[in-house]
Amino acid sequence: MAGTSMVAYSSSWSTALLKISPYTFSAIGIAIAIGVSVLGAAWGIYITGSSLIGAAIKAPRITSKNLISVIFCEAVAIYGVIVAIILQTKLESVPSSQIYAAESLRAGYAIFASGIIVGFANLVCGLCVGIIGSSCALSDAQNSSLFVKILVIEIFGSALGLFGVIVVTMYVETCLELFSPES
Amino acid sequence: MYGFEAMTFNIHGGYLEAIVRGHRAGLLTAADYNNLCQCETLDDIKMHLSATEYGPYLQNEPSPLHTTTIVEKCTLKLVDEYKHMLCQATEPLSTFLEYITYGHMIDNVVLIVTGTLHERDVQELLEKCHPLGMFDSIATLAVAQNMRELYRLVLVDTPLAPYFSECITSEDLDDMNIEIMRNTLYKAYLEDFYKFCQKLGGATAEIMSDLLSFEADRRAVNITINSIGTELTRDDRRKLYSNFGLLYPYGHEELAVCEDIDQVRSAMEKYPPYQSIFSKLSYGESQMLDKAFYEEEVKRLCLAFEQQFHYGVFFAYMRLREQEIRNLMWISECVAQNQKSRVHDSVVFIF
């Protein structure tokens, strides 16, 4: 299309990729942000929940304390929701002549990358916290002095999701401030 | 994929694994055994056991107690726990749990056949069978005259059917052949269980192969020692050894030609895990060998609990419970016969 100086042949992959609308990239990024985060949170909750239920039959005292593991997993889903909302507020409409301008593409890719960052960081964080939570419940059932020590490990694990959120918040702020709405 | 079981194990096995670990916490400790060893009568034993998890099972028994009653009620507790786990399990865990009981099935079959040979009453024999190894039509075993009939009438419908292919001969059942049949069946069972665990893969395969190899090696040593001085030929002896384990194949070659215990000892001392067992025995003594093997087994079974997300914990729990029931039986017998000085000869502490 006129107005863009792309070095590309008319049927190459780079042309095809560059012609994907930045709206698509943004939308997919937001979908991944919330979808994959929730996948990680759910995965973690079922891993820890099934062990917790079984262990609580013989040792009912562990139930209230070990809900913390479930709460840490849930926090991972909340991070995903927060980031999805932030990203969604950055979505702006542009006039059709500007769709393939460099700034528009940059904004689209930024939102896509943010979605991937936070989605996959939360996926592994949820898994990590879930597995540790399962071991925590089983150990607590045998020996209650172990609970706090394993909880420390879990706290380190839950920091992983937080890293993703921090990077995305900074990225979105610095990357998208250049693109102020012209319409 | 080994190492990533944690991600999917809890879908089907998380609840049951947590339950079996809860049961493990109820195994008797050294303090309990010390209390029990100091009892004077069987009623004292019942009183001490009522403070443990065996309480509900023993409290309705009238005095005077017999040792067989205590053992029966404790076994009943194990069977209840097993049945609860089995009905909650899905494949492949349910198949794994069923595999654990086939050893008892084999023992029950041999018990009934031997008892019939010695003209015992079938009902009396059925009461002596281990409850974990019961199956329908077990009473029909008393009718069979030789192995072919045994297979055709009864065993073809049981899970033991595939183990019989090496055993079917038209020979009549006598004591020698029955022992050979028992060991052949057990060999086929161990190999089948081993292959099943290898197919499951991951941590289950690794832990179970260690436990089953120890079992196979222990049986090889016991077969060797028990067949010294009998008519069993070397080739027959070699056919009874399983084809896996630490001793396979070179240890089996050496064991097959052993003619007394010292030769067995020198054959086993080449393997470091068994060398430590045999070093506990002085020369010429074999009574403590059983206890030494049980101690080693208990040590390995307890190690199976160190790892999460595998099926070995179920096998380890069942075996530890059986060891505990053996301990209780020994203590009860010693107390009942007033031989308390010999109590520590055969009690293996689990914790």
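Bear in mind the structure is a predicted one, so any value in this text is a computation, not a measurement. (Residues numbered from 1 in each chain as written. Chains lettered and ligands numbered in written order. Predicted model: local features only at pLDDT ≥ 70, side-chain atom pairs only at ≥ 80, totals over all residues. Heavy atoms only, no water.)

S.K.: Whenever I open this one, the overall build of chain B confuses me. Can you help?
M.R.: Within chain B, the secondary structure is distributed over 16 helices and zero strands. With respect to the three principal axes, the spread of C-alpha positions in chain B is 55 × 50 × 45 Å. Residue burial in chain B is summarised as follows: out of 351 residues, 52% are buried. Just so you have it, chain B exposes about 16100 Å², and 50% of that area is on carbon and sulfur atoms. If you average the places of the 31 positive and of the 52 negative side-chain charges in chain B, the two averages end up 2 Å apart. (Helix = DSSP H or I, 4+ residues; strand = E, 2+ residues; numbered from the N terminus. Buried < 20%, exposed > 50% of the residue type's maximum accessible area, 1.4 Å probe, protein only. Areas by Shrake-Rupley, 256 points an atom, 1.4 Å probe, with all protein chains shown as cover. Lys, Arg positive; Asp, Glu negative; His and termini not counted. Charge placed at Lys NZ, Arg CZ, Asp CG, Glu CD.)

S.K.: Hey, could you run me through the interface of chain A and chain B in this one?
M.R.: Note on interface size: it is often stated as the accessible area lost on association of the parts. Taken together, the contacts link 16 residues of chain A with 17 residues of chain B. Summing the contributions of chain A and of chain B, the shared interface buries around 1400 Å²; its carbon and sulfur component is 60%. Counting the surface chain A buries against chain B, the share from its top three residues, Lys58, Leu138 and Gln142 of chain A, is 37%. We note a salt bridge from Lys58 of chain A to Glu53 of chain B, for which the minimum N-O separation is 3.6 Å. If you list the elements that add at least two residues to the side of chain A that touches chain B, you get helix H2 (22-58) and helix H4 (102-142) of chain A. Looking at the side of chain A that touches chain B, its residues break down into nine nonpolar, six polar and one charged. (Contact = heavy atoms within 4.5 Å. Buried area = accessible area lost by both parts, 1.4 Å probe. Salt bridge = Lys/Arg side-chain N within 4 Å of Asp/Glu carboxyl O. Nonpolar A, V, L, I, M, F, W, Y, C, P; charged D, E, K, R; others polar.)

S.K.: Before we go on, may I ask you to explain the packing of aromatic side chains in this structure?
M.R.: Geometry of an aromatic ring pair is reported as the spacing of the ring centres plus the angle between the planes. Applying the stated rule across the entire model yields 22 aromatic pairs over all chains. Ring geometry for Tyr99 of chain B versus Phe193 of chain B: centroids 5.1 Å apart, planes at 10°, classification stacked. Here the residue Tyr99 of chain B occupies a position in helix H6 (residues 93-117), and Phe193 of chain B occupies one in helix H9 (residues 175-200), the gap between them amounting to 94 residues. Exposure class is identical for Tyr99 of chain B and Phe193 of chain B. Each is buried. Ring plane angle 55° and centroid distance 6.3 Å describe the contact between Tyr163 of chain B and Tyr189 of chain B, whose orientation is recorded as tilted. Taken together, the residues span a long stretch of sequence, with Tyr163 of chain B in the loop between helix H8 (147-153) and H9 and Tyr189 of chain B in helix H9 at a distance of 26 residues. For Tyr189 of chain B, a relative accessible area of 1% puts it in the buried group. The positively charged end of Lys19 of chain A is found above the aromatic ring belonging to Tyr100 of chain A, 5.4 Å away from the centroid. If you follow Lys77 of chain B out to its NZ or CZ, it ends over the ring of Tyr54 of chain B, 5.5 Å from the centre. (Phe/Tyr/Trp six-rings, centres within 6.5 Å; stacked < 30°, edge-to-face > 60°. Lys NZ or Arg CZ within 6 Å of the ring centre and 35° of its normal.)

S.K.: Whenever I open this one, a nonpolar patch on the surface confuses me. Can you help?
M.R.: On the surface, a cluster of nonpolar side chains totalling about 470 Å² of accessible area is made up of Leu160, Leu162, Phe163, Ile166 and Met170 of chain A. Examined against the element boundaries, Leu162 of chain A turns out to sit in helix H5 (residues 146-176). (Patch = residues over 30% accessible without salt bridge, like charges linked within 9 Å, V, L, I, M, F, W, Y side chains within 5 Å.)

S.K.: I keep staring at unusual backbone geometry and nothing clicks. Help me out?
M.R.: What you tend to see is this: most non-glycine residues have negative phi, and most peptide bonds are trans. Residues and elements named next belong to chain B. For the bond running from Glu91 to Pro92, omega is -5°, close enough to zero to count as cis. A cis amide bond links Tyr248 with the next residue in sequence, Pro249, at an omega value of -5°. With a phi angle near 70°, Ser137 is a residue other than glycine that sits in the positive phi range. By relative accessible area, which is 36% here, Ser137 ends up partly exposed. Non-glycine residue Asn338 carries a positive phi angle of around 60°. Counting through the fold element by element, Asn338 comes out in the segment after helix H16 (312-336). Its relative accessible area of 64% is what places Asn338 among the exposed residues.

S.K.: Got a minute to help me understand the pattern of salt bridges in this structure?
M.R.: Between side chains of opposite charge, a pair can form when the charged atoms approach closely. Overall, the coordinates contain 25 salt bridges over all chains when judged by the stated rule. Among the ionic pairs, Asp107 of chain B bridges to Arg182 of chain B, the shortest N-O distance being 3.0 Å. Here Asp107 of chain B, found in helix H6, pairs with Arg182 of chain B, found in helix H9; they are 75 residues apart in sequence, far enough to count as distant. Put simply, Arg182 of chain B and Glu179 of chain B hold a salt bridge, and the shortest N to O gap is 3.5 Å. Pair noted here: Arg182 of chain B and Glu179 of chain B are both in helix H9, with a separation of three residues, about one helical turn. Judged by its relative accessible area of 38%, Glu179 of chain B is partly exposed. Among the charged side chains, a salt-bridge network with shared partners connects Lys58 of chain A together with Glu53, Lys77, Glu81, Arg321 and Glu324 of chain B.

S.K.: How should I be thinking about the side chain of Gln323 of chain B in this particular structure?
M.R.: Turning to its location among the elements, Gln323 of chain B is positioned in helix H16. When near neighbours in sequence (up to four residues on either side) are disregarded, Gln323 of chain B contacts Tyr294, Val298 and Val348 of chain B.

S.K.: What is the right way to look at the UniProt feature "transmembrane region" (unreviewed entry) in chain A in this model?
M.R.: Residues and elements named next belong to chain A. Taken from the UniProt record, the annotation "transmembrane region" (unreviewed entry) applies to residues 20-46, 67-87, 107-134 and 146-172. Between the C-alpha atoms that bound residues 20-46 there is a distance of 38 Å. The span itself is 93% helix and 0% strand. In the segment residues 67-87, helix accounts for 100% and strand for 0%; the C-alpha atoms at its two ends are 31 Å apart. (UniProt positions renumbered as here; feature names shortened; annotations may be inferred.)

S.K.: Explain the state of the cysteines to me, please; I cannot follow it from the model alone.
M.R.: Formally, a disulfide is one covalent bond, and it connects the sulfur atom of one cysteine to the sulfur atom of another. Residue and element names in this part refer to chain A. Tallied over the entire structure, the rule returns zero disulfides over all chains. Between Cys128, a cysteine without a disulfide, and Cys125, which holds the nearest cysteine sulfur, the sulfur-to-sulfur distance is 6.5 Å. For Cys128, a relative accessible area of 24% translates into the label partly exposed. (Disulfide = S-S within 2.5 Å.)

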